[in-house]
Amino acid sequence: MNGDNGARLEPRIFAAVITPHRSLGSTGFLILMLCIGALSFACGIMFLLIGAWPVFGFLGLDVLLIYIAFRANFRAASAYEEVTVTASELTVRKVSHHGKVREWTLNPLWVRLDRIVHDEFGIERLFLVSRGRRLSIAGFLSPDEKASFAQALSAALGEARRGPTRTMLN
């Protein structure tokens, strides 16, 4: 089957989108900034009343710097990785938080999944190895999530190596 771009469309064996984990949402961020701002303002008023007025400005600067740091963190959270496996291709697409896209297409028959494992913590890094080159993947995931991802990706690579599967009709 051909798509608009002339490429052959194959059924996906595996597809995953990996994003950085952020535990603080926009509502939590607003509440945190309001609390920090109120605390800083109250402390600033106290210093203002005892005559140490320059401290008031520095406390405001602290709130601004915390805000800028969190905004940069939220911007970095827009990065992601897409990993797709079909019978003939393994595609890794990495999109940075700046929108820069890098894409690799590998043959699943020649790809090996390599792991760096720490005895106490589990899987620290995952690599796709093909033709002597290593591509780091799933860097956003925790060790347990990397183990689960590695197991699913290994199963998909195994299925791709076995060839197209036959579907049973009801």
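Only a predicted model underlies this, so the values are computations on that prediction, with no experimental measurement involved. (Residues numbered from 1 in each chain as written. Predicted model: local features only at pLDDT ≥ 70, side-chain atom pairs only at ≥ 80, totals over all residues. Heavy atoms only, no water.)

Focus on the overall build of the chain
Part 1: Within the chain, the secondary structure is distributed over three helices and seven strands.
Part 2: Going from N to C terminus, the chain has its helices and strands arranged as β-α-α-β-β-β-β-β-β-α.
Part 3: Over its C-alpha trace the chain gives a radius of gyration of 24 Å, far above what one expects of a compact globule, namely 15 Å for 170 residues.
Part 4: Over its C-alpha atoms, taken along the principal directions, the chain stretches across nearly 80 × 45 × 35 Å.
Part 5: Sequence separation of at least 24 residues holds for 47% of the intrachain contacts in the chain that already meet a minimum separation of 6.
Part 6: A total accessible area of about 11,900 Å² is found for the chain, and carbon and sulfur atoms account for 59% of it.
Part 7: Between the centroid of the 19 positive side chains of the chain and the centroid of its 14 negative side chains there is a distance of 6 Å. (Helix = DSSP H or I, 4+ residues; strand = E, 2+ residues; numbered from the N terminus. Rg over C-alpha atoms; globule rule 2.2 N^0.38 Å. Contact = heavy atoms within 4.5 Å. Areas by Shrake-Rupley, 256 points an atom, 1.4 Å probe, with all protein chains shown as cover. Lys, Arg positive; Asp, Glu negative; His and termini not counted. Charge placed at Lys NZ, Arg CZ, Asp CG, Glu CD.)

As for the packing of aromatic side chains
Each pair of aromatic rings is reported with the distance of its centres and the angle of its planes.
Part 1: Applying the stated criterion across every chain yields a total of six aromatic pairs.
Part 2: Their ring planes at 85° and their centres at 5.2 Å tell us that F29 and F74 sit as a pair that is edge-to-face. Of the two residues, F29 sits in helix α1 (residues 26–49) while F74 sits in helix α2 (residues 53–76), which places them 45 residues apart along the sequence.
Part 3: Classification of F29 by relative accessible area gives buried; the value is 7%. (Phe/Tyr/Trp six-rings, centres within 6.5 Å; stacked < 30°, edge-to-face > 60°. Buried < 20%, exposed > 50% of the residue type's maximum accessible area, 1.4 Å probe, protein only.)

Remarks on the sheet that holds strand β7 (residues 133–137)
Part 1: One open sheet accounts for three strands, arranged β5-β6-β7; its pairing is antiparallel. For this open sheet the edge positions go to β5 (112–118) and β7, each flanked by a neighbour on one side alone. Strand-to-strand twist in this sheet, taken as the mean axis angle between neighbours without regard to direction, amounts to 35°.
Part 2: Note that β5 and strand β6 (residues 122–130) share seven bridges and pair antiparallel. Residue pairing across strands places D114 opposite F127, the latter belonging to β6.
Part 3: This element, helix α3 (residues 143–162), spans β5, β6 and β7 of the sheet and lies at about 30° to β6. (Pairing = 2+ DSSP bridges. Axes fitted to C-alpha atoms, helices over the stretch in contact; angles between N-to-C directions.)

Let's talk about the pattern of salt bridges
Part 1: On inspection of all chains with the given rule, the structure shows four salt bridges.
Part 2: The salt bridge involving E82 is made with R93; its shortest N-O contact spans 3.7 Å. Pair noted here: E82 is in strand β2 (residues 80–85) and R93 is in strand β3 (residues 90–95), with a separation of eleven residues, a long-range link.
Part 3: Residue class for E82 comes out partly exposed when judged on its relative accessible area of 25%.
Part 4: Classification of R93 by relative accessible area gives partly exposed; the value is 25%.
Part 5: We note a salt bridge from R112 to D114, for which the minimum N-O separation is 4.0 Å.
Part 6: What makes R112 partly exposed here is its relative accessible area of 47%.
Part 7: Residue D114 is classed as partly exposed on the basis of its relative accessible area of 24%.
Part 8: What emerges from the salt-bridge pattern is a single network uniting E82, R93 and E103. (Salt bridge = Lys/Arg side-chain N within 4 Å of Asp/Glu carboxyl O.)

Comments concerning the state of the cysteines
Part 1: Taken as a whole and assessed by the stated rule, the structure comprises zero disulfides.
Part 2: C35 forms no disulfide, and the closest cysteine sulfur to it belongs to C43, at a distance of 13 Å.
Part 3: Using a relative accessible area of 29% as the deciding quantity, one classes C43 as partly exposed. (Disulfide = S-S within 2.5 Å.)

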